[in-house]
Structure formats: structure tokens, C-alpha cells
Amino acid sequence: MASTEPSCAICRRQFSKYTCPTCNVAYCSLTCFRSQAHSKCSETFYKNELESDIRAQPSKTAQERQRMLELLKRFEEESAAQEEPEPEDEDFSRRFQGLDLESAPPDQLWSLLTPAERDNFLKAMADPSSELAVQLLASEDLENEKQEPWWTVPALPGSRYGIPPEPISVPPSLQSSHRSGPSLIYNICALCIAYAYITHHLSVSPLSTAPDPEADAARTLFSQLTPFLTSRTSKLWHPTLDSAITDVHSRLPPNTATPQLFVLLLRDAAALLRPALVVDVDATEAGLGPHAQTLRALGDLHTLFRARTHVAHKLTFYAAFLNDDAKTAALELEREAKTRELELDLRADNVEWEHLGANGRQVNIVEVG
């Protein structure tokens, strides 16, 4: 005949012999009563029993009561230690559970981050060379989508490099070697520096092939860095290289343009402006001549701003001004890049440097300490 005793609700292997006075669960032994599955109830029970015992026996000596109080305190500390917080990975997964990360708006994603996570993210963005930033940017998907600038294509290009854009077309009416008025070459230098920065920043090359969000971002950045190009009323003219460099550098987003990055931008701008020493027949017939790289960069911008007629006209006007001044500007940009790189090296060697630009003026170098 089967036993009428219920089985133990905790181990489910033995018949129960007792009932918990707190939760009325049936259990078979002290082991099950004190098991992890019943810990919340049993710990509360033991704690209450200790407190009751302390209160119910005032006749106990002070030493015994102290010993019981210490036991109660240790019991509470051990119970608190066992209540481990939710692991960070599980908490993060819970917050983002069921969310489509591909389509979720940035504001929603930002709102789900904790204050500490937001601070860490902002610190990483402020310092792209930090360990966290390197980890964030080391994604295989990001690496596959990243495009290197088209003007850096090696002898054996790969899919990571952008295809050189079509050069800007200059109407015959503007193609005149006898041109009066101030040279616009340093405005073109500023454009090349901004062009290099935005290409690196968005990892899209050429910029005219960028999808709408990135293309809009590129146009916005040009409005910030070179407003003389996008403004209908601007008459800004850079008379020197120092003027162009200082203006663009002052407009870069804070904490993004490190000295090392700006050296790279100057070198890129020099590469875009440097005339070719040898021009093949096909390039000459296509109207490229020695300034093919610069015309391609201006052509990329012309396509990017094709919906803004006044910007397209300015770019064409700049292209018509390319002449031997471009070679001088390229050499100045290269010299400026070398000067700034030397400045970084000297600072790394604990040397104080007074930078006076790339116009050949003498610099003061003072050893520190």
C-alpha cells in the first residue's frame, strides 16, 4: 500500500517528515531545510530564532549575549555576501533584450546605457588611441567596411581602397594661364586638409559614393571646417599657408585632432596638391595634366555638392586657378608636416618648442630641466 506521506518538496527523493514553520514547505531533513533552494526562508528562520533567544534569556551573562550577537552579525554578513549582484553581462543583455540594434535610433541606445557606460564611451571617443577605443573600433565588420583614401592606393590596390573619382571639368572659357587677382592656392590647401580629415573621419572614399547619412555628415563637416566654400556670401581669402592651416585647425571638433593626426592630414593635403613629374599622353588628352590628384579631389567635392549650385561653381573656379603655385603649396605643406613631426619628437624628449610656422622663420628650442 502506497504511503500517504508527501514527498520532500526540496529533494523530491525522500518522504517528508517536517514542515517549515515559515513557508509550510514539506521537507525530509535538516540538510534539505538548510539547502540553497530553501536558503531565504531558513536564513530568516535562524536569524529570528537567534534574536528571540537573545531577548528571551536576559539571564544569560553579558559574555554569552555578546557571543550570540557576534554570531548574529556574522550570520547577516554571510547572508549579504551570498546575495551576489546581477552579473554585468546579464544586466547588459537584459537591458537590450529584444531590441533591433540595426534599426534602433541612437537616442534610444544612449538612454539604455548606464552613466558609467556613457562616461567610458565619451572618454573613448575623446581619445581614439585609448585601449577601449581600439577595442571598439577593432570590430571585424567595421574593418571590412572601412575604406582607405583613394590617393593612398598602393601599386597593387585591394578592395579596402577607394576608387579615384572623376576629375572636375573646367570649361574652356576659364582655362587661361594669364589670370589676374590674388592666388587662391591656399584656399585650395584648406580644402585639401578638410577633405583628408573628413575622408579619414568617415572611412568613406571617395566621399561622393557615401550613402545619404554619411554624405550629409560630410557636407555638414565641410560647412564647419571650410565655410568659405559653402557660404554664399563668404569672401574669405587665405594669403598664406599659416592662415589656411590655423583656420582649419581651429574649426576641428574638440579633442579629435591630435598632433599626430594633423601631421597625417598635412601630408595627405601635400599628396593631393603635389603635381605629377611625368604625365602620360592619355592623362594629357583627358585634360588632367600634372594636377590630376587635385582635380580628382575637387571633382569628388563637385559631385558631393552637385545639388548646391553655388558650391559647384566655386569648386570649378578654384580648379581653374591651379598652376605652378600648386607645386609651391605642396612643398610648403610637406615642410610644415615635417616641422610639426619634429616638434612632437622634441616634446617627447622633454624639450620645449616655440612653433613659428612653415614660412622659413627661425624657431626657438629650449631644453627643459
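How each quantity is defined
Residues numbered from 1 in each chain as written. Predicted model: local features only at pLDDT ≥ 70, side-chain atom pairs only at ≥ 80, totals over all residues. Heavy atoms only, no water. Helix = DSSP H or I, 4+ residues; strand = E, 2+ residues; numbered from the N terminus. Salt bridge = Lys/Arg side-chain N within 4 Å of Asp/Glu carboxyl O. Buried < 20%, exposed > 50% of the residue type's maximum accessible area, 1.4 Å probe, protein only. Axes fitted to C-alpha atoms, helices over the stretch in contact; angles between N-to-C directions. Parallel < 35°, antiparallel > 145°, perpendicular 65-115°, else oblique. Contact = heavy atoms within 4.5 Å. Nonpolar A, V, L, I, M, F, W, Y, C, P; charged D, E, K, R; others polar. Core = buried A, V, L, I, M, F, W, Y, C linked by side-chain atoms within 4.5 Å.

Undergrad: Which parts of the structure should I look at to understand the environment of Thr328?
TA: With respect to the element layout, Thr328 can be found in helix 17 (residues 325–348). In the structure, Thr328 is positioned 55 residues away from Leu273 in sequence and 9.3 Å away in space, judged by C-alpha atoms.

Undergrad: Mind showing me how you'd approach the pattern of salt bridges here?
TA: Within this structure, the stated rule accounts for five salt bridges. When the shortest N-O distance is used, the salt bridge between Arg267 and Glu341 registers 2.3 Å. Of this pair, Arg267 sits in helix 13 (residues 259–273) while Glu341 sits in helix 17; the two residues are 74 residues apart in sequence, bridging distant segments of the chain. Residue classification places Arg267 among the partly exposed residues on the basis of a relative accessible area of 39%. Note that Arg340 is salt-bridged to Glu336, the shortest N-O span being 2.7 Å. Residue Arg340 and its partner Glu336 are located together in helix 17, separated by four residues, close to a single helical turn. Comparing Arg340 with Glu336 shows no difference in burial state: the two are buried.

Undergrad: Would you take a moment to explain the environment of Pro290 for this structure?
TA: Summarising the element assignment, Pro290 is placed in the loop between helix 14 (281–285) and helix 15 (292–304). Sequence-wise, Pro290 and Pro275 are 15 residues apart; in three dimensions their C-alpha atoms are separated by 4.8 Å.

Undergrad: Can you walk me through the packing of helix 15 against helix 16 (residues 309–320) in this structure?
TA: What describes two packed helices is the angle between their axes and the distance between those same axes. At a closest axis distance of 9 Å, the pairing of helix 15 and helix 16 adopts a crossing angle of 170°. The pairing of helix 15 with helix 16 is recorded here as roughly antiparallel in orientation. Contact residues: helix 15 offers Leu295, Leu298, Leu301 and His302, while helix 16 offers Ala312, Leu315, Thr316 and Ala319. Of the residues belonging to the contact of helix 15 with helix 16, the class tally is six nonpolar, two polar and no charged.

Undergrad: What should I look at first to understand the nonpolar core in this one?
TA: It is characteristic of soluble globular proteins that their nonpolar side chains tend to be buried jointly. Of all hydrophobic cores here, the largest spans 60 residues; its most connected members are Ile193, Tyr195, Ile198, Phe222, Leu273 and Leu333. Considering every element that reaches this core, the biggest residue donor is helix 9 (residues 185–202), with 14 residues. Ignoring sequence-local partners within four residues, the contact set of Phe222 consists of Leu191, Ala194, Tyr195, Ile198, Leu207, Pro227, Thr230, Leu301, Leu304 and Phe305. Counting nine residues, the second-largest nonpolar core is a separate cluster that includes Cys11, Val25, Tyr27 and Cys41.

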